Each structure stands twice: as C-alpha cells, then as structure tokens.
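As a plain string of letters, each chain reads:
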Amino acid sequence: MRKLLPALYHCDRDGRLSPATRVIAMSRGGLTDADFRGKVDAEVRAFVPVDDDPSGWERFLGRLHHVSVDVGGADGSGWHDLAALLAGHEDRDRVFYLASPPRTFGPFCRELAAAGLVTPRSRVVLEKPLGHDLPSAQRINDEVGAIFDERQIFRIDHYLGKETVQNLLVLRFANAFLEPIWNSLWIDHVQITAAETVGTPGRRGYYDHAGALRDMVQNHLLQLLTLTAMEPPARNDREAIRDEKVKVLQALRPIAGTEAGRFTVRGQYTGAGDLPGYLDEPGSTPPTEGSRRVETFTAIRAEIRNWRWAGVPFYLRTGKRMPYRRSEIVVQFKDVPHSIFPGGSPNRLVLRLQPEEGIELHIMAKEPGAGEVTLKPVPLALSFGKTFSNRVPEAYERLLTDVLAGNPTLFMRRDEVEAAWRWIDPILDAWRADPALPEPYPAGTTGPAGAHELLGRSGRAWHEEEL
C-alpha cells in the first residue's frame with residue numbers, strides 16, 4: 001500500500017502501462033475484487049495525488065483484482081481461480097512479484113508451475129532478504145531456478161532504483177574529469193551510510209533473526225559499494241554492468257575470526273528520553289536471550305584487493321534510531337600534494353540518496369574580501385528535485401518499469417547474491433563465536449563509540465562529524 005501500488009499508479013498515470021494491463025493481488029485474505037479495490041482506495045490515497053486526476057485514479061482501480069491463494073495449503077482452488085483469470089492471455093507478459101517471506105519463494109514457484117501458469121514471457125520478482133546465509137540463498141536460487149530461467153528472475157533491491165544511484169554510473173562514465181582520479185592515487189577513503197531514525201516497533205520477531213548486517217549490509221550497502229568501485233564496463237549492457245559488480249564482491253578482503261573485532265563494530269540502541277531501547281520496543285514479541293545479541297547498528301572497514309583500490313578503506317555503516325534519516329556515499333579525496341594556502345581541506349564528493357536525492361562536490365574557494373587569503377569549502381550542488389522540472393520518480397517505479405521491459409541491469413544476478421553472502425557469512429560466524437554483546441548506544445545518537453574509533457584509529461572521521 002505504501003510503495004508498490006503507488007509506484008504502479010504513477011506508472012499508469014505516466015502512460016507506461018498498456019490499456020490491457022491488470023494488477024492481480026494474491027493473498028489468503030478472502031477478498032473479492034470490490035473488497036480489494038475499496039481497501040486500496042482507502043489506504044493508498046495518503047501516498048498518491050488522487051485529487052489531481054480523479055478519472056486516472058478510477059482507471060487504475062479498475063485494473064485491480066484479487067485472488068485468494070494459500071501457498072503450501074491443501075486447497076489448491078485459488079490457483080484454479082487465477083488460471084481462469086489469466087486464461088486466453090498466454091501471449092502477454094506475466095510478472096509475479098513475491099513480496100512474501102523467502103521461505104515461500106520455492107513453494108510458490110512450484111505451485112505456479114504445477115498450475116500451468118508459467119509461460120515463456122513470465123518473470124518473477126524476489127524481494128530481499130534472499131536467505132539468511134549462503135546455503136539458504138543457494139537453496140532458494142535452486143528452487144526458483146528449477147522453474148524460471150535466470151533471465152526471468154529479478155532479485156530486487158529498491159536502492160538501485162534511486163536516481164542518485166543511476167546517476168553515479170552517469171557521473172563516472174559519461175564525464176571525463178572524474179575517471180582519471182577515481183583510484184587509490186587520489187581517493188583517501190569512501191563512506192557509505194544508511195541511517196534510519198525509526199526503530200523496530202512490532203518487528204522484533206523478524207529483526208531478531210535478521211539484524212543490521214543481513215537486513216542492510218548484505219544487499220543495500222554492498223550494492224552501493226559495487227557501483228562505486230566497479231571498473232568501467234565495455235558497454236551499457238544488461239550483463240556487462242553486472243559482470244563488473246561481481247568482480248568487486250569477489251575482490252573484497254575476507255573478514256573472519258579475530259579480524260572481525262578489528263574491522264567491524266556492532267551495536268544495539270538503548271532507551272533515551274522518550275525513545276525506547278530495542279529490548280523495550282512496543283508491540284514486539286517478548287525479548288529473548290538472542291535478542292540481546294542482535295545488532296541494530298553495524299560499521300565495517302572493507303578493503304578491495306585490486307589495482308584501482310589497494311589501500312583505500314571503504315567504511316560501511318547502517319543503524320536504527322539514529323538522529324537523522326540519511327543514505328549517502330561520500331568519496332573523500334586526498335589533500336593536494338603541496339598547498340600554498342593555509343587552512344585548506346581535501347575535496348569531497350557526496351552522493352545523497354535520501355532524504356533529498358542529489359550530488360555535492362565540495363571544493364575550496366576564497367572567501368571574498370581584501371587582505372589575507374581565507375579558504376572555505378563550498379559545495380557545487382545538484383538537487384534532482386530542484387534542477388529538473390519533471391517529478392523525480394520513486395525507486396520502485398523505475399524498477400517495475402524495467403521488469404516489464406525485461407531489463408535486468410539494476411537487479412542482482414545469482415552469482416552476485418551468492419558472492420555477497422560469501423563475504424558476509426564469516427563475519428556472522430565470528431560474531432556468533434564472540435561472547436561479547438553488541439555495544440550499547442543511546443537511541444537518537446550516531447552509534448556506539450567503537451564506530452567512531454574505527455575511523456579515528458587512522459585519523460579519519462565520519463562525514464557528519466566534520467560538518
């Protein structure tokens with residue numbers, strides 16, 4: 001109601017859905033078409049400008065249907081209902097979007113095939129997390145891959161649909177000035193942050209088994225790292241870009257055993273003021289001993305072992321109950337080889353994914369005035385919302401459009417997902433073997449002290465600390 005249906009509505013409003021396109025919801029809810037349309041009409045209005053185009057909204061509601069299906073249940077009547085709804089349209093594209101727990105991916109695809117609903121023009125979209133470790137991810141890939149070809153499988157990560165992420169590729173590979181300095185000779189380090197102000201109210205049952213490393217690093221942050229660090233592809237091709245991303249993951253220096261204590265930090269937020277701690281979140285399942293070991297914050301010092309990035313640390317950070325909501329990539333350049341002006345600071349490129357998407361290049365400039373030269377860092381800023389007159393689409397709009405077009409460039413390939421888990425699993429193993437609990441940090445702060453020490457040991461600091 002908050003993301004997928006609003007994205008589909010905007011696709012419809014922008015003319016990107018054919019007149020015959022239908023949106024069929026599947027659940028165990030026992031809803032009729034009228035029930036579902038009424039539910040959407042009541043709940044989605046808060047997220048789309050319905051009043052701007054009442055006839056367009058009614059047209060979109062008319063596309064909606066509902067079928068009750070119990071995946072894994074004894075009664076297969078729901079599949080017959082879906083088959084009847086799709087009958088006679090085997091020549092159309094069919095996109096099956098599984099916004100459901102990963103354990104249902106395999107059974108859903110098997111039952112879908114048994115009902116005769118998988119056609120050569122069918123595609124399946126898998127939401128994250130894809131498993132909880134490498135073996136479980138491989139098992140899901142095997143189960144889904146037994147029904148769908150790899151070209152039909154779209155493993156979605158909404159971060160890759162953001163304008164700033166796509167502009168990162170354009171910035172790097174459509175402009176001549178950056179590529180010569182996009183390497184260890186000129187870049188000191190890179191920071192990738194995904195900070196959230198929200199906690200986990202009502203979600204501890206899920207988060208106890210996920211944690212920040214699985215929930216955010218294995219997918220979102222590693223995807224941003226690959227796009228930042230990848231080599232220039234030979235062409236803007238759906239496989240060439242993914243080939244280069246996999247190479248980055250394969251080049252990551254493993255972090256295992258005692259090294260996890262040096263290169264990773266894990267924390268858990270505690271109550272502060274009106275904000276509850278993780279163990280006290282309202283509406284959640286009662287905390288267990290395992291809850292005390294769950295990380296709601298993690299910071300990692302990653303290294304890429306290749307010629308371009310040797311010696312350049314990539315700092316990854318994500319956390320719940322932070323003082324701000326911000327996702328960004330910060331590329332910190334080295335200082336000039338010889339400065340003739342006092343008071344200068346190195347250049348910095350900031351790519352902001354949220355809350356307001358944009359790009360800032362911080363350069364040194366002279367403050368106006370007579371007398372002594374005084375330097376000040378000044379941002380050359382590009383705000384997509386302010387620069388371009390057209391509406392900046394939500395990430396899911398772009399990704400759903402790509403699925404309909406059969407374009408997998410911004411989706412994860414099987415070998416990419418499994419390469420990410422191969423790097424993550426040893427960190428998880430090291431944390432399980434460590435009797436220490438995650439480092440506490442008060443809700444509403446920037447994380448545990450260990451995260452600041454992670455950079456401070458080399459004389460560096462997180463981006464917001466230097467503002």
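Because the structure is predicted, anything quoted here is derived from the model rather than measured. (Residues numbered from 1 in each chain as written. Predicted model: local features only at pLDDT ≥ 70, side-chain atom pairs only at ≥ 80, totals over all residues. Heavy atoms only, no water.)

A. Main features of the overall build of the protein. A count of helical and extended segments in the protein gives 14 helices and 14 strands. Relative to its length of 467 residues, the protein is compact, with a C-alpha radius of gyration of 24 Å against a globular reference of 23 Å. Taking the principal axes of the C-alpha coordinates as reference, the protein spans close to 80 × 55 × 45 Å. In the protein, which comprises 467 residues, the proportion classed as buried is 48%. (Helix = DSSP H or I, 4+ residues; strand = E, 2+ residues; numbered from the N terminus. Rg over C-alpha atoms; globule rule 2.2 N^0.38 Å. Buried < 20%, exposed > 50% of the residue type's maximum accessible area, 1.4 Å probe, protein only.)

B. Looking closely at the packing of helix H2 (residues 33-43) against helix H3 (residues 54-62). Contact pair H2 / H3: the axes reach a minimum separation of 10 Å and the direction vectors enclose 140°. Of the two elements, H2 crosses H3, and the hand of that crossing is right-handed. Across the interface between the two elements, Arg37, Val40 and Asp41 from H2 touch Trp57, Leu61 and Gly62 from H3. The residue makeup of the contact of H2 with H3, split by class, is 3 nonpolar, 1 polar and 2 charged. (Axes fitted to C-alpha atoms, helices over the stretch in contact; angles between N-to-C directions. Left-handed = near helix turned anticlockwise from the far one by under 90°. Contact = heavy atoms within 4.5 Å. Nonpolar A, V, L, I, M, F, W, Y, C, P; charged D, E, K, R; others polar.)

C. Inspection of the UniProt feature "binding site: NADP(+)" (unreviewed entry) in the protein at higher detail. Following the UniProt record, one finds the feature "binding site: NADP(+)" (unreviewed entry) at Arg28, Asp70, Val71 and Lys128. Positionally, Asp70 belongs in the loop between strand S2 (64-68) and helix H4 (77-86). For Asp70, a relative accessible area of 34% translates into the label partly exposed. In this structure Asp70 touches Arg28 and Glu111, once residues within four positions along its chain are discounted. Structurally, Lys128 is set in the loop between strand S4 (122-126) and helix H6 (134-145). Among all residues touching Lys128, those that are not within four sequence positions of it are Ile156, Asp215, Asn219 and His220. Polar side-chain contacts of Lys128 include one of 2.8 Å to the backbone oxygen of Asp215. (UniProt positions renumbered as here; feature names shortened; annotations may be inferred. Polar contact = N/O pair within 3.5 Å; in protein donor to acceptor, adjacent residues only side chain to side chain.)

D. Geometry of the packing of aromatic side chains. Applying the stated rule across the entire model yields 13 aromatic pairs. Between Tyr206 and Tyr207, the aromatic rings sit 6.3 Å apart at their centres with planes inclined by 70°, giving edge-to-face as the arrangement. Looking at Tyr207, the relative accessible area reads 1%, which means it is buried. Each residue in the set Tyr206, Tyr207, Tyr269, Tyr278, Phe297 and Tyr441 is aromatic and connected to the rest through ring pairs, giving one cluster. When the ring centre of Tyr324 is taken as origin, the NZ or CZ atom of Arg326, which lies over that ring, is 4.2 Å away. (Phe/Tyr/Trp six-rings, centres within 6.5 Å; stacked < 30°, edge-to-face > 60°. Lys NZ or Arg CZ within 6 Å of the ring centre and 35° of its normal.)

E. Representation of the pattern of salt bridges. Throughout the structure, instances matching the rule amount to 36 salt bridges. Here Glu328 ties to Arg326 by a salt bridge, and the two come within 4.0 Å at their closest N and O atoms. When sorted by exposure, Glu328 lands in the same class as Arg326, which is buried. Residues participating in the shared-partner salt-bridge network are Glu239, Arg242, Asp243, Arg413 and Asp415. (Salt bridge = Lys/Arg side-chain N within 4 Å of Asp/Glu carboxyl O.)

F. Looking closely at helix H8 (residues 204-229). A bend of about 90° at Gly211 is the largest found in H8. Of all 26 residues that make up H8, 22 are buried, and the element is covered over most of its length. (Bend = angle between axes of the 7 residues up to and from the residue.)

G. Structural context of the sheet that holds strand S14 (residues 439-442). Sheet architecture is open: 9 strands sit in the order S13-S12-S11-S10-S6-S9-S8-S7-S14, paired in mixed fashion. The open sheet has two edge strands with one neighbour each: strand S13 (375-383) and S14. Across the sheet, the mean angle separating the axes of adjacent strands is 20° when strand polarity is ignored. Note: strand S7 (residues 264-270) against strand S8 (residues 297-303), 4 bridges, orientation antiparallel. Among the inter-strand pairings, Thr264 is bridged to a residue of S8, identified as Ile300. Along the sheet face, helix H7 (residues 163-173) touches strand S10 (326-333), strand S11 (348-354) and strand S12 (358-366) and points at about 150° away from the line of S11. (Pairing = 2+ DSSP bridges.)

H. Representation of the environment of Ala310 within the structure. With respect to the helices, strands and loops of the structure, Ala310 is situated in the loop between S8 and strand S9 (313-319). Look at Ala310 and you get partly exposed, because its relative accessible area is 47%. Other than its neighbours up to four places away in sequence, Ala310 contacts Ser184 and Ile304.

I. Spotlight on the packing of helix H5 (residues 105-114) against H6. Close contact between H5 and H6 brings their axes to 8 Å; oriented N to C, the two are set at 10°. With respect to their mutual orientation, H5 and H6 come out roughly parallel. Of the residues in H6, those touching H5 at Phe105, Gly106, Cys109 and Arg110 are Ile140, Glu143 and Val144. Split by residue class, the contact of H5 with H6 holds 4 nonpolar, 1 polar and 2 charged. (Parallel < 35°, antiparallel > 145°, perpendicular 65-115°, else oblique.)

J. View of the pairing of S4. The buried fraction of S4 amounts to 5 of the 5 residues, a majority that puts the element mostly inside the structure. Here S4 shows no split at all, with Ser122, Val124 and Leu126 on one side and Arg123 and Val125 on the other all buried. Crossover strand S3 (residues 94-98) to S4 through H5 is right-handed. As defined by bridge partners, S4 adjoins strand S5 (residues 153-155) across 3 bridges and the pair is classed as parallel. Residue pairing in the sheet places Val124 in a bridge with Ile153 of S5. Handedness of the crossover joining S4 and S5 through H6: right-handed. (Right-handed = clockwise from strand over helix to strand, strands pointing away.)

K. Seen up close, unusual backbone geometry. Here Lys128 and Pro129 are connected by a cis peptide whose omega angle stands at 5°. The linkage connecting Gln354 with the following residue, Pro355, adopts the cis geometry, with an omega of 10°. Mapped onto the fold, Pro355 is located in the loop between S11 and S12. Even without being a glycine, Arg321 presents a positive backbone phi close to 55°. On the secondary structure map, Arg321 appears in the loop between S9 and S10. Of the residues examined, Arg321 reaches a relative accessible area of 12% and is grouped as buried.

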